[in-house]
Amino acid sequence: MPPIDPPVDPPVDPPADPPADLAPSASVPEESPEGRRLPAPGPARPADGAPGIRFEKVVKRFGRNVVLRELDFTVAPGERVTLIGPSGSGKTTILRLLMTLERVDGGVIWVGDRPLSHMPRGGRLVPAGERHLHEMRKQIGMVFQQFNLFPNMNVLRNLTEAPVRVLGLSRDEAVERARRLLDMVGLADKIDAHPSQLSGGQQQRVAIARALAMEPKVLLLDEVTSALDPELVVGVQDLLRDIARDSDLTMLCVTHEMNFARDISDRVLMFDRGRIVEEGPPERIFEAPAEQRTRDFLHAVLAS
Amino acid sequence: MSDVLDAYPQLLRGTWTTVQLTVYGAALALVPALVFGLAGTSRHTAVRALNRVYVEFFRGTATLVLMYWLFYALPLVGFRFTPVAAAVLSLGLNVGAYGAEVVRGAVNAVPRAQYEAAVALNFTPWQRMLRVTLPQAVALMLPPFGNLLIELMKGTALVSLITIGDLTFNAQRIRAATGETAATFLVILVVYFAIAQMLQLAVRYAERRVDRMLGRRPDRRAAAAASGAGAVKA
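Predicted model only: the values in this text are computed from it and were never measured.

How each quantity is defined
- Residues numbered from 1 in each chain as written.
- Chains lettered and ligands numbered in written order.
- Predicted model: local features only at pLDDT ≥ 70, side-chain atom pairs only at ≥ 80, totals over all residues.
- Heavy atoms only, no water.
- Helix = DSSP H or I, 4+ residues; strand = E, 2+ residues; numbered from the N terminus.
- Buried < 20%, exposed > 50% of the residue type's maximum accessible area, 1.4 Å probe, protein only.
- Contact = heavy atoms within 4.5 Å.
- Areas by Shrake-Rupley, 256 points an atom, 1.4 Å probe, with all protein chains shown as cover.
- Pairing = 2+ DSSP bridges.
- Axes fitted to C-alpha atoms, helices over the stretch in contact; angles between N-to-C directions.
- Parallel < 35°, antiparallel > 145°, perpendicular 65-115°, else oblique.
- Nonpolar A, V, L, I, M, F, W, Y, C, P; charged D, E, K, R; others polar.
- Salt bridge = Lys/Arg side-chain N within 4 Å of Asp/Glu carboxyl O.
- Buried area = accessible area lost by both parts, 1.4 Å probe.
- Polar contact = N/O pair within 3.5 Å; in protein donor to acceptor, adjacent residues only side chain to side chain.

Peer 1: Sorry if this is basic, but what is going on with the overall build of chain B here?
Peer 2: A count of helices and strands for chain B gives 10 helices and 0 strands. Element order for chain B, N to C, with α for helix and β for strand: α-α-α-α-α-α-α-α-α-α. Buried positions account for 42% of the 234 residues belonging to chain B. Counting only contacts in chain B whose residues sit at least 6 apart along the sequence, the fraction spanning at least 24 positions is 76%. For chain B, the computed accessible surface area is about 12400 Å², with 67% contributed by carbon and sulfur atoms.

Peer 1: Can you walk me through the overall build of chain A in this structure?
Peer 2: Scanning chain A from N- to C-terminus turns up 9 helices and 12 strands. Counting over 304 residues, chain A shows a buried share of 59%. Here chain A displays about 13100 Å² of accessible surface, and carbon together with sulfur accounts for 49% of that area.

Peer 1: Before we go on, may I ask you to explain the sheet that holds strand β12 (residues 275-280) of chain A in this structure?
Peer 2: Paired through their backbone hydrogen bonds, the strands of a sheet run either parallel or antiparallel. Residue and element names in this part refer to chain A. Taken in spatial order, the 6 strands make up an open sheet running β8-β9-β10-β3-β11-β12, and their pairing is mixed. Each edge of the open sheet carries a strand with a single partner, namely β8 (140-143) and β12. Strand-to-strand twist in this sheet, taken as the mean axis angle between neighbours without regard to direction, amounts to 20°. Most of the contacts of helix α5 (residues 200-212) go to β8, to which it runs at about 175°, and overall it touches β8 and β9 (218-222).

Peer 1: Would you mind showing me how to read the side chain of Glu101(B) here?
Peer 2: Looking at the secondary structure, you find Glu101(B) in helix α5 (residues 83-109). With residues near it in sequence (within four places) discarded, Glu101(B) still touches Asn51(B), Arg52(B), Val55(B) and Arg59(B).

Peer 1: Would you mind showing me how to read the packing of helix α7 (residues 125-155) of chain B against helix α9 (residues 181-213) of chain B here?
Peer 2: For any two helices packed against each other, the geometry is given by the interaxial angle and the distance between the axes. All names here are of chain B. For the pair α7 and α9, the least separation of the axes is 10 Å and the interaxial angle reads 180°. On the basis of their axis angle, the class for α7 and α9 is roughly antiparallel. Listed contacts from α9 to Pro 135, Val 138, Ala 139, Leu 142, Pro 143, Gly 146, Leu 149, Ile 150 and Met 153 of α7 are Tyr 192, Ile 195, Ala 196, Leu 199, Gln 200, Val 203, Ala 206, Glu 207, Val 210 and Met 213. Class assignment of the residues belonging to the contact of α7 with α9 gives a composition of 16 nonpolar, 2 polar and 1 charged.

Peer 1: Is there a simple way to explain the pattern of salt bridges in this structure?
Peer 2: A side chain with one charge can pair with a side chain of the opposite charge if their charged atoms come near. The full count for this structure, using the stated rule, is 28 salt bridges over all chains. A salt bridge links Asp72(A) to Lys57(A), with the shortest nitrogen-to-oxygen separation between them at 3.2 Å. A residue pair is termed long-range when its members are at least 10 positions apart, and Asp72(A) in strand β2 (residues 65-75) and Lys57(A) in strand β1 (residues 53-62) qualify at 15 residues. Residue classification places Asp72(A) among the partly exposed residues on the basis of a relative accessible area of 33%. Its relative accessible area of 17% is what places Lys57(A) among the buried residues. Glu101(B) serves as the salt-bridge partner of Arg52(B), at 3.4 Å between the closest nitrogen and oxygen. Of this pair, Arg52(B) sits in helix α3 (residues 45-59) while Glu101(B) sits in helix α5, and the two are 49 residues apart along the sequence.

Peer 1: What exactly am I supposed to notice about the interface of chain B and chain A here?
Peer 2: When the parts of a complex come together, some accessible area is lost, and that lost area is often used as the size of the interface. Taken together, the contact pairs 29 residues of chain B with 32 residues of chain A. Where chain B abuts chain A, roughly 2600 Å² becomes buried across the two surfaces, and 56% of that area is made up of carbon and sulfur atoms. Counting across the interface, chain B meets chain A through 3 salt bridges. Taking the shortest distance from any N to any O, the salt bridge between Arg131(B) and Glu161(A) comes out at 3.8 Å. Linking chain B with chain A are 13 residue pairs in polar contact (both at pLDDT 80 or more), by the criterion used here. Of the residues forming the side of chain B that touches chain A, the biggest block, 8 residues, is contributed by helix α6 (residues 112-120) of chain B. Considering only residue class, the side of chain B that touches chain A consists of 18 nonpolar, 6 polar and 5 charged.

Peer 1: What am I meant to see in helix α3 (residues 155-165) of chain A here?
Peer 2: Residues that lie three or four places apart on an α-helix share one face, since the helix turns once every 3.6 residues. Burial runs high along α3(A): 9 of the 11 residues are buried. Looking at α3(A), one finds that the buried residues are Val155(A), Leu156(A), Asn158(A), Leu159(A), Thr160(A), Glu161(A), Ala162(A), Pro163(A) and Val164(A). Buried positions along α3(A) lie against α4 (171-184) and α5 of chain A together with α7 of chain B. Where α3(A) begins, one side-chain oxygen reaches toward the backbone nitrogen of Leu156(A), 3.2 Å away; that side chain belongs to Asn154(A).

Peer 1: Just to check I follow, could you spell out unusual backbone geometry for this structure?
Peer 2: For residues other than glycine, phi is negative in most cases, and the peptide bonds are mostly trans. All names here are of chain A. One non-glycine residue, Thr 100, adopts positive backbone phi at about 65°. Within the element layout of this structure, Thr 100 appears in the loop between α1 (91-98) and β4 (106-111). Its identity is not glycine, yet Glu 215 carries a phi of approximately 50°, on the positive side. Relative to the elements of secondary structure, Glu 215 occurs in the loop between α5 and β9.

Peer 1: Hey, could you run me through the sheet that holds β1(A) in this one?
Peer 2: All names here are of chain A. The strand order across the open sheet built from 4 strands is β2-β1-β4-β5, with neighbouring strands paired in antiparallel fashion. Here the strands that pair on one side only, and so sit at the sheet edges, are β2 and β5 (114-115). As paired strands, β1 and β4 are joined by 5 bridges and run antiparallel to one another. Across the sheet, the residue bridging to Val 59 is Gly 106, located in β4. Against the sheet, α1 makes contact with β1, β2 and β4, and its axis sits at roughly 110° relative to β1, the strand it touches most.

Here is the structure:
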């Protein structure tokens, strides 16, 4: 775990930034690729470290329903951030935007010092094409609520298919990596099993291994224990705690498990209706929430 | 009846022609079914329009009329087809239109979550289709494909009308030679039925293979191994 001191109140956009009505086609100040870097707290990280993330006035609509309205927030490199809030508050949408499963309707998402949702062209930012998305997705991995293992492949191929086809690893390298990861998630004996032969908890641990096999630098966890039977939740959470402890991944986590959120996160963001209501270190958010909305939400979640 | 059965060399020849036309027709149908079926799942309106045009045209035209066009009408403007080519083409294009709808429906029925998992692993659009979506869609395509295959086989009876010596064509000749109308048609009824059953068996076999690949019907060995592994640990 790198020493990070996440700001309770993240720095707002540097004054050099474009004006507030930044649209997808807003011009990028050409002279300042440096100036566009994330306002990362702490010392600069080596180029191969985990990137930070910055949402800049991000808007997402589904039809007439505005899910995110000009959302600004920053995640420092290597920081672990948990998003909490009632359903429909936009938490999962944030992860889906980062995984490029949805497109932004306004604003820009930055990963490291490069735009994720857009690509620079002729000094302007235009909506990203498939090639740019492919390039940016190399850094990002995601684990889903419903596991989403591929039923047409056994466990081993679920773990090796993308490293071989996408990263260009040799079959042997990919198998070696898969064995190591299956060992880590405690499922070395299931290497030839079919996903349908595994319990939910086992499937989710395979899904975590599958995401890690791509060696992402940002890991997105979307309610990864919500679909599990209660007695299987602990195993998956323990695994993720280990991963959080032993890696320097930037992690964004949506969860309703407050104890888990407390254990793994540096900072908790409380969302309501597409806005951040409150944020801070988990101890403060869970023990002394300042906002009534946060208190109501935590009360409801802990009562259930 | 015995007169009809005595003509078995003719019946066999006819049966063989019917089987060949079925195989060629099915092989040909598979191509537009896949190409235009996948086109129907495209994000681009223009590509989807290709699917609509093909499907609506060839689904909406009678196979026999199509056959007459290829065999009798097109030679008038210089396109000449052999009878078998005209037959296979019209059968294949017609059944291909139905097949395209099957492919489109099956691909669309694969859960979107599978596509999303493939995006998250950074597969290219082609890899997503080829490695993830299509293999799962095949399982959904097989039962309706079985129907279409049998429809195609029965549809080959039309080729007797453009001078091809299939089972029906030969039956007509046997009937003319022997005068045994009921017996002749009874015999070919049974032969068509038998061919249909064989096709059905082949499709069932393919379905079982695919189900096993998808782990829906694990074979006994794997099931035993899974349950033998003891208590399921999270």
